[in-house]
Each structure stands twice: as C-alpha cells, then as structure tokens.
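Each chain, letter by letter, is given below.
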Amino acid sequence: MAVNEFMHPRNRYRQKPNFHLLVKQYPELNEVARVDLTGKVKLDYRNKRAVHLLSKCLLLRDFGLKLELPPNKLVPTLPLRLNYIHWLEDIGSVAQWQDKETVRGIDIGCGASCIYPLLAVVQSQQRWHMVAIEKAEDSLESAKANVIRNELQGCINVQSQKLEGNTILLDVLKDFPNERFDFCMCNPPFFDSNSNELKPHDRTGKRREPSNASTGSLEELCTEGGEVKFISQIIEESLQLKDRVSVYTTMIGHKSSYEKILRALKQASIHNITVSRFCQGNTTRWAVAWSFDAKLLLPLVPNSLTTGENNVSPGKKKAVGKPVSCRIFAASDMDSIQSVKKCILTKLQAIAIDVRAVVETSTTDEIILELSAQENTWSHQRRKRRAAQISPDGKEMPNGNGTQPKCYDQQNGPEYSNKRPRLEEEQYEISSKEKIHADDSYLRAALNIHRKEDGYYLALQYVAGNAGKDAVNQILQYLKNTIKATPSEITTDGGKQAAACTSAK
Ligand SMILES: C[S@@+](CC[C@H](N)C(=O)[O-])C[C@H]1O[C@@H](n2cnc3c(N)ncnc32)[C@H](O)[C@@H]1O
C-alpha cells in the first residue's frame, strides 16, 4: 500500500513531482523516463539509474545541491530523508532551537552522499552545522567531495570513524572536548552481516518483488548484529555521554527492531522519548528520539502525539501516558483553532493550570501546549460549578473587574457563592509561582488541539508528576463538562469576555 499520505505534512514530496516538467528541465532524465498509454511521463523506480538521476535532479532543483556518487553506493531517496529532517525540525521547535544562533548536529554514518548533513544545512539556511561521521574510507572521501562541491565546508565537518575503540560516538566526540551537540541522527546499516536477511521475504517465505531498486553496497547496509545491536550501542554510549548531546535520534528499518529498541530504552530507564514513522511510496521506516534533558519534553513533539504511538512499549504498558482524546467542538461551533485555544486557555486558567505554547504555526491546524500544575485544582469541579452557577444574564458582578466569569449562588440570588472566591485565591497563589519547567511539578502534560473534518479535537497526554496518569482523564473530563455546562459562554463577541469562547456564527 502506498503510504505517501503519511509523509510529514511539510514534506514537499507529498505531491509526486511532475515528471513531464522535470524531464523538460533536466533532459538527462529522458534516458530513464517512459510515457504510458495515457501520455503521462513516468519513471521506473526499480531502475537504479532512474532513482540515481531523479535524486540528483531533485536535489539540484529543490535545494540547489550538486551530488556525485561512486558506483554501487547507496542512492539517497529524498522524500524519506526529508521526513527525517522535518521531524528534527519538530523536535527543535520543542527544544527551542529557534532561539539559538547555531544548532549543532551529528550524523552517524553519513554515507558517500553525505545527504543528511547537506539537507540539514541547506534546509536550515546554514543555521544547522553538522559533524558527519563515516567508517568506510571510500564513502568518507566521496562525502568530503560532495561537501566541497557545494562549498559547505564551513558548516559540515566530515570525520573518519575511530576504528580502534569500536565505539560509535564516544571516541569521535573526544575530538570535540568542549562542544555540546543539540542532536545526533543516524540511518544505521539495517541488516545483520551474519544473516541472510538482506532480501526481503514475504510471510510465505517467498522472495517479494521489490518495488524500488535496491542500491548500496553490503558494507553500507550490513553490520554485525544488525540495526538493533548498532542502535543499542548508541543507547549505551548515550548513557555515558548524557547531555553532551541533547537529543539522540535514529531511524530504524524494521518494525521488529523498533519494538526491540523501545524495550532497550525502557530497560535503560530512558522514558523521555518520542517516536515517529517516515513514509515514502511503499516504504515505512520508524524513528525514535530520546533525551536526558529534563527541561526538554520529547512527548510534546508534534505528530507523534496525535498518532497515539508516542512512547509505546510494544504490546505492553505505555512508558508515559497514552493520550486521552475527545472531540470538543463541532466544526460549525468555532471559527478557528485559535478560538478553540482561547476557550481552552480560559478553562485551564480557571483551575490554575499553567500553559506554555510549544508548537503553533499559522499553516497547520494543530497547536501543542505544555500544561503544568503544582497541585490538584481540578478535582470536584462539578461540585464547585454547581455551587457557583454561571449567571444566565451575564451581568457584571459587584466586586468583579469584568474579566472573570460571572458567578452567582442559585439560592441566595446574584451574590457570590462563598466557594468561588476561594478558587480565585488558589488561582492567584498558584499561577504566581510560575514554575512551568520545574521538575517537581505535580503534573506535566501535553495538550494537542487539532482540527479534523468534523470538528476540533483535544488529545491530552500525561508526561510526568505525582498526579499520575488519571489526572489527564480528570482534566479532559473537566474541560468537557465545563464547555458543555456553559453553552451561554459560547458567544459571538470575538472573545471579549474572558470566559467566553468565540463561535463561528
Ligand atoms: C544505511 S547507510 C546510510 C548512509 C546515509 N546516511 C544515507 O542515509 O543515505 C549506513 C552508513 O553507516 C556507515 N557506518 C557503518 N558503521 C559505522 C560506524 N560504526 N561508524 C560510522 N559509520 C558507520 C556505513 O559505511 C554507511 O555509509
């Protein structure tokens, strides 16, 4: 099944290139293009030469990058590589790389193409600087030549792997004693050099006809123990290096390996992780990132949160909470995701939950917020609401400043319920602590607001804290109840009232 629709939303190759135009622009593609019965120009992805030429032309057209490869070396297919770069950008938006002048990354096994460092540097407009490590001598030389060809020596440092120590990061990083890196990345050799797994088999044991040309030498694609051993070694070394590298990331070729890697992380008590899937054509790859930086909450990285795959230990318990989600508004109830956010913020403010926007772009229908609370302010909210009913006429309260929700006690008329001010006092006291990043938060959670065709959805995920995973259920229930319980708050006044949610109509 083609999985292009699962490509990263910013991946420019979600739309297949117009080969007709591409062949016109790069006549060398004529050699491998064919015209089908309907007159459409097509490329045969099973033809190695076609894959090679296509990658070269797209790199030049879309990134201004010139690439040369020795024969029989792995030809980098761009959509998949770009997925990894976009996922790193997402990690960077949570890690606040936007505030840094230079982001420093390491690519483990850059290959003859040096594709990831080249893409990373160009895509970031040279804000990301890369150390590219390679073990094979001929690939190393070719990688250096590609960097020089593109005049990017100032941003990419190609380094030979230190073979004597048999380490992956430990020995190379001795050459950079004073540097801390923001991330490392890796497209490891997937296959075990001792097994016969290089050619994929289907469940019947018969060989499947590959839909893409397989490129690359055995030396590039195989390592002793396969990718699981390779990545397990990176995990072990990361336990020594800790925050010398802020985020460790790797791609994984097989689902079974992905499951083993998640188990290895759990066994190493590494819980601050996020995962992703990279899709292209008929190919799916997996990816995992982990960090020892307590201020960097990887579960907040977008996309993985909404898929519900985040932090999943295979077939078993979740390392951190699985998101709980619900539809909070029908599409016709609200005019934009910003209005939904405004409404949700008001509700969270009312129970003294601190909120920090983590990801918010004008182009996507997705907002990620980090929530933190210093104590339980959400329990028994139904009881509190019953005691402090929202005024149906919306009159301003005697002592109010016009910015708080209007409350009155049903039995005693339009006076304040004696419960309501207490909540406000709590609110002031707690929010004034402003400990959003404090590691001792009672609750830290990630809230994802996203839009689907039929409405606006919330997904709330427990990240850390003594409140435990049940707290996110309770908070989501509170949001559902208060939004349902106060339909009169859904107004058309553009959100002028603090407690009001803007409606489309
Ligand atoms: C699957 S290829 C990936 C190449 C390139 N990054 C890409 O995505 O096209 C894996 C690369 O890792 C290199 N490699 C294998 N073991 C390594 C090690 N211990 N240190 C550094 N590179 C290694 C291989 O030579 C090969 O170039």
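Worth saying up front: this structure is predicted, and the values here are computed from it rather than measured.

**Student:** Describe the overall build of the protein chain, and please don't skip the residues or the numbers.
**Tutor:** Counting its secondary structure elements, the protein chain contains 14 helices and 20 strands. Expressed as a percentage of contacts within the protein chain between residues at least 6 apart in sequence, the contacts between residues at least 24 apart total 69%.

**Student:** Describe the environment of T102, and please don't skip the residues or the numbers.
**Tutor:** Looking at the secondary structure, you find T102 in the loop between α3 (78–95) and β3 (103–108). Contact partners of T102, with chain neighbours within four places excluded, come to R127 and H129.

**Student:** So, the pairing of strand β17 (residues 443–452): which residues are in play, and what are the values?
**Tutor:** Within β17, 7 of the 10 residues are buried, leaving the element largely enclosed by the surrounding structure. Pairing between strand β14 (residues 366–373) and β17: 8 bridges, direction antiparallel. Counterpart to L369 in the pairing with β17 is L447. Here β17 runs beside strand β18 (residues 455–464); their pairing, made up of 9 bridges, is antiparallel. Directly across from R451, in β18, lies its bridge partner Y456. In this structure, the hairpin formed by β17 and β18 is closed by a connection of 2 residues.

**Student:** Account for the UniProt feature "binding site: S-adenosyl-L-methionine" (unreviewed entry) in the protein chain, naming residues and giving values.
**Tutor:** Mapped onto this numbering, the UniProt entry gives "binding site: S-adenosyl-L-methionine" (unreviewed entry) at R81, G109, E134 and N187. Structurally, R81 is set in helix α3. Those residues in contact with R81, other than ones at most four positions away along the chain, are P76, I115, Y116 and L119. Looking at where G109 falls in the secondary structure, it is placed in the loop between β3 and α4 (115–123). With 22 C-beta atoms packed within 10 Å, G109 lands in the buried category. Contact partners of G109, with chain neighbours within four places excluded, come to I133, E134, K135, C186, N187 and P188.

**Student:** I'd like a rundown of the site of the ligand, residues and numbers included.
**Tutor:** Looking at the ligand, there are 21 residues lining it, with G109, G111, K135, Q161 and N187 nearest. Of all the secondary-structure elements, those providing two or more residues to the shell around the ligand are α4, β4 (128–134) and α7 (218–221). For the shell around the ligand, the residue count by class is 11 nonpolar, 7 polar and 3 charged.

Calculation criteria
- Residues numbered from 1 in each chain as written.
- Predicted model: local features only at pLDDT ≥ 70, side-chain atom pairs only at ≥ 80, totals over all residues.
- Helix = DSSP H or I, 4+ residues; strand = E, 2+ residues; numbered from the N terminus.
- Contact = placed C-beta atoms within 7 Å.
- Buried ≥ 20, exposed ≤ 12 C-beta atoms within 10 Å, placed from the backbone.
- Pairing = 2+ DSSP bridges.
- UniProt positions renumbered as here; feature names shortened; annotations may be inferred.
- Near = placed C-beta within 6 Å.
- Nonpolar A, V, L, I, M, F, W, Y, C, P; charged D, E, K, R; others polar.

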